[in-house]
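# Structural characterization, general
The residues making up each chain are set out below.
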Amino acid sequence: MQQLTVFMDIESSRTYIDELYSSDPDKVMEALVTLKNSVIGSNRQKSSVIQQGIVPRLLQLMTDDCLDPTIRLEATITIGSLAKGTAENVASLVEHGTTIILVELLKVVPTGLRLTEACLCALRSIFQHPPAPISALPADMRFLTRLTQIAREGSSTSRACVVRILSIWCGGPIEQEALCVAGACEAIAALLAMRGFTSPPLARALPALDLLAAMCFENANVSQAVINTRHGEKTIPELLTALVSRDKPLSVARGAARCLTFIHRAGALASDDNRVVFGALPCLARLCTKEMPEDIRATAAETLAYLAEVDTALQRLAAISNHLMSSLTEIVVCPSPAAKQGAFKCFASLGANDEDIRKRIIETHGVMVHVVNGMNNPEPAVRLAAVRCLHSLSRSVQQLRTTFQDHAVWRPLMQLLNDSPGTELLTVGSSTLCNLLLEFSPAKEPMLDQGAVEMLCNLTKRPEAALRLNGIWALMNMAFQAEQKVKQRILCTLGTEQMFRLLGDGDTRVIMKTLGLLRNLLSTRNHIDAIMAEYSSQVMQIGFQAVIVVLEGSYPAEVKEQALCILGNIGDGEKAKDLIMANEDVLRKLVDYLAHPESKLQEAALFVAGNLVWRGEAGSAARQARLADLGVLRALKLLRARHDAHHLHDKVKTALAQFSDFT
């Protein structure tokens with residue numbers, strides 16, 4: 001056989017390749033060793049081997065249990081080397097069924113053999129190339145139990161391979177629960193355990209931390225099992241707390257803090273638990289400082305954002321930890337998109353609930369400039385994170401009037417939302433618009449000029465309930481105390497048919513905000529009469545039918561209150577009163593709700609009655625007589641006599657005073 005060196009191209013010797021198919025085991029073995037040596041470290045050689053169709057022969061050699069175990073091992077090691085090549089190389093291996101064959105081998109090959117380790121190494125290399133062939137690894141309990149046993153008792157390399165593979169495979173609740181039952185928690189505890197004062201090796205600790213994080217993410221059952229799992233005398237949270245200390249490698253400390261964060265967010269550790277307050281949080285804040293590598297700072301900021309996202313106490317504690325505000329400002333100017341994204345997310349979490357923290361963020365040098373620049377960033381993830389930050393900060397009434405106006409934040413936001421963004425960005429961005437369109441916001445007028453009404457009306461037609469809600473909510477805010485021309489523009493653009501569809505929406509929140517929009521549109525006496533004059537038949541059809549449906553249905557009291565307030569607003573118009581008086585169904589509902597046990601609904605019904613019976617307005621005597629005949633007067637007298645309605649006494653007294661000719 002022609003002798004080859006490791007640097008010679010495979011395609012240069014057809015004779016050599018033919019030896020792989022020989023019936024002589026010695027020739028096959030020699031060819032395999034030469035092939036293995038030739039592809040190590042050379043992607044060009046790897047690609048050449050794959051292109052010549054040698055992979056099927058290697059897979060055949062791997063799986064033939066009649067062959068010498070050394071041949072099977074060399075073939076598997078060669079496959080593992082090919083799996084360390086380019087993405088195209090790995091994709092080709094997957095197409096040949098390599099992943100499935102490796103999994104099947106692992107099911108039957110005894111644990112202690114080198115072949116098992118070679119299979120695991122090859123499988124790990126394949127899984128680390130996205131997209132990982134997740135479906136090739138079944139959620140089979142016997143197999144998973146075998147893998148977790150290897151993770152506890154196998155060689156150092158085998159253990160590291162298993163936890164890395166499983167950390168990538170664990171992508172949802174089914175996998176999380178299966179791994180928990182298969183004993184993964186115990187295996188992880190053993191991998192994280194320290195001997196004396198020596199930390200676990202990085203090659204063992206980092207995959208174990210990644211697997212633990214994947215298992216605990218948003219899974220309360222698994223997280224609870226994790227905190228009850230011990231290795232020796234220590235529970236997993238205690239092991240993690242030891243790993244977040246300053247003397248541990250940065251990547252280990254970050255991974256341990258991430259695990260504690262996920263366990264807390266899944267509900268297994270309270271927000272005031274020492275392992276969260278004195279373990280995860282200060283560790284993450286420290287990892288955000290400028291002395292740390294950029295990749296560490298980026299993921300630490302994002303993890304801290306998730307840790308503090310929903311808990312005001314943790315937000316306040318984080319805001320004063322280790323000069324975090326300054327650290328985040330320095331992270332947001334880092335070159336990598338991941339760093340910018342992490343910083344914006346962290347700012348968003350810190351400012352979610354506390355006005356003082358929002359003020360501190362905004363007053364931190366350059367933050368608003370960075371937010372505006374972030375919304376113009378070419379990376380979609382950075383733009384989304386910047387909008388999340390803006391949304392959080394837009395909850396500040398004071399800043400809407402000052403800083404937001406100074407930086408014209410509405411301009412890049414409107415540009416983003418008009419540029420066919422993805423659903424997630426559209427949802428967060430439209431939530432921000434709801435705040436920017438509050439009546440005291442100076443951004444209201446310029447946003448109207450940029451087509452905000454048209455964009456929001458289009459949102460109400462989206463299939464996603466969150467987008468419909470944001471669209472109608474923003475329109476409701478826009479209509480509050482707005483000029484008559486703005487109200488008419490909203491009504492004309494939205495259309496009465498679409499408004500009617502929204503009032504029949506399956507989401508109660510959408511119905512609530514649509515009623516709120518109607519209420520804001522039909523406010524201020526001259527506006528009411530102008531709108532009723534132009535849209536009377538449509539608005540009345542919508543308004544009255546919606547009111548009756550809501551008042552008769554099993555809706556929350558807040559929704560029914562809105563419906564009654566719409567009637568009250570209509571009843572404030574000079575001409576619009578007659579439209580209510582002409583609808584007996586509505587008037588009978590008014591009588592019913594004056595006697596309703598819910599206080600807020602009594603008050604809302606009283607608001608309607610008071611506007612309808614007010615003396616001194618044209619036709620008031622006829623309206624009073626009509627309402628008295630229908631029982632409104634009697635209902636008011638009964639309400640005055642109720643001991644539990646004393647807080648309404650003055651309003652009831654005022655309404656009854658209008659009926660002086662009937663008492």
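Residues numbered from 1 in each chain as written. Predicted model: local features only at pLDDT ≥ 70, side-chain atom pairs only at ≥ 80, totals over all residues. Heavy atoms only, no water.

- As recorded by an unreviewed UniProt entry, the protein carries the name Armadillo repeat-containing protein 8 and is attributed to Bicyclus anynana.

## Observations concerning the nonpolar core
- If you look at the biggest cluster of nonpolar residues, it comprises 228 residues, and the most contacted ones within it are Met215, Leu240 and Leu517.
- Residue assignment places this core across two domains, with domain 1 (16-136) and domain 2 (555-662) each supplying three or more.
- If near-sequence neighbours (up to four positions away) are discounted, Met215 is found in contact with Cys170, Gln176, Leu179, Cys180, Ala184, Cys185, Ile188 and Val222. (Core = buried A, V, L, I, M, F, W, Y, C linked by side-chain atoms within 4.5 Å. Buried < 20%, exposed > 50% of the residue type's maximum accessible area, 1.4 Å probe, protein only. Domains from an automatic or database assignment. Contact = heavy atoms within 4.5 Å.)

## Looking at the packing of aromatic side chains
- The final tally for this structure, using the stated rule, is 3 aromatic pairs.
- Between Phe217 and Tyr306 the ring centres are 5.8 Å apart and the planes differ by 40°, which places this aromatic pair in the tilted class. Highlighted residues: Phe217 in the loop between helix H13 (202-216) and helix H14 (220-227) and Tyr306 in helix H18 (residues 294-308), separated in sequence by 89 residues.
- The partly exposed category is assigned to Phe217, whose relative accessible area is 35%.
- Taking 5.5 Å as the distance between ring centres and 90° as the angle between the ring planes, the aromatic pair formed by Phe262 and Tyr306 counts as edge-to-face. Of this pair, Phe262 sits in helix H16 (residues 250-265) while Tyr306 sits in helix H18, placing them 44 residues apart in sequence.
- Among the aromatic side chains, those forming a connected cluster through ring pairs are Phe217, Phe262 and Tyr306. (Phe/Tyr/Trp six-rings, centres within 6.5 Å; stacked < 30°, edge-to-face > 60°. Helix = DSSP H or I, 4+ residues; strand = E, 2+ residues; numbered from the N terminus.)

## Describing helix H36 (residues 557-570)
- Its 14 residues place the ends of H36 20 Å apart at the C-alpha level, agreeing with the 20 Å of an ideal helix rising 1.5 Å per residue.
- Among the residues making up H36, those that are buried are Ala557, Val559, Lys560, Gln562, Ala563, Leu564, Cys565, Ile566, Leu567, Gly568, Asn569 and Ile570. (Expected span 1.5 Å × (residues − 1).)

## Quick look at the confidence of the model for the protein
- Mean pLDDT for the protein: 89, with 94% of residues reaching 70 or above.
- Confidence drops under pLDDT 50 across residues 1-8; counting only partners more than four residues distant or on other chains, this segment forms 12 contacts. (pLDDT = per-residue confidence, 0-100.)

## Remarks on helix H23 (residues 367-375)
- Where H23 is concerned, the buried positions are Val367, Met368, Val371, Val372, Gly374 and Met375. For H23, the angular spread of the buried residues around the axis is 160°, confining them to a single face.
- Those residues of H23 that are buried lie in contact with helix H20 (324-331), helix H21 (337-350), helix H22 (355-363), helix H24 (380-393), helix H26 (403-407) and helix H27 (410-417). (Arc of directions from axis to C-beta.)

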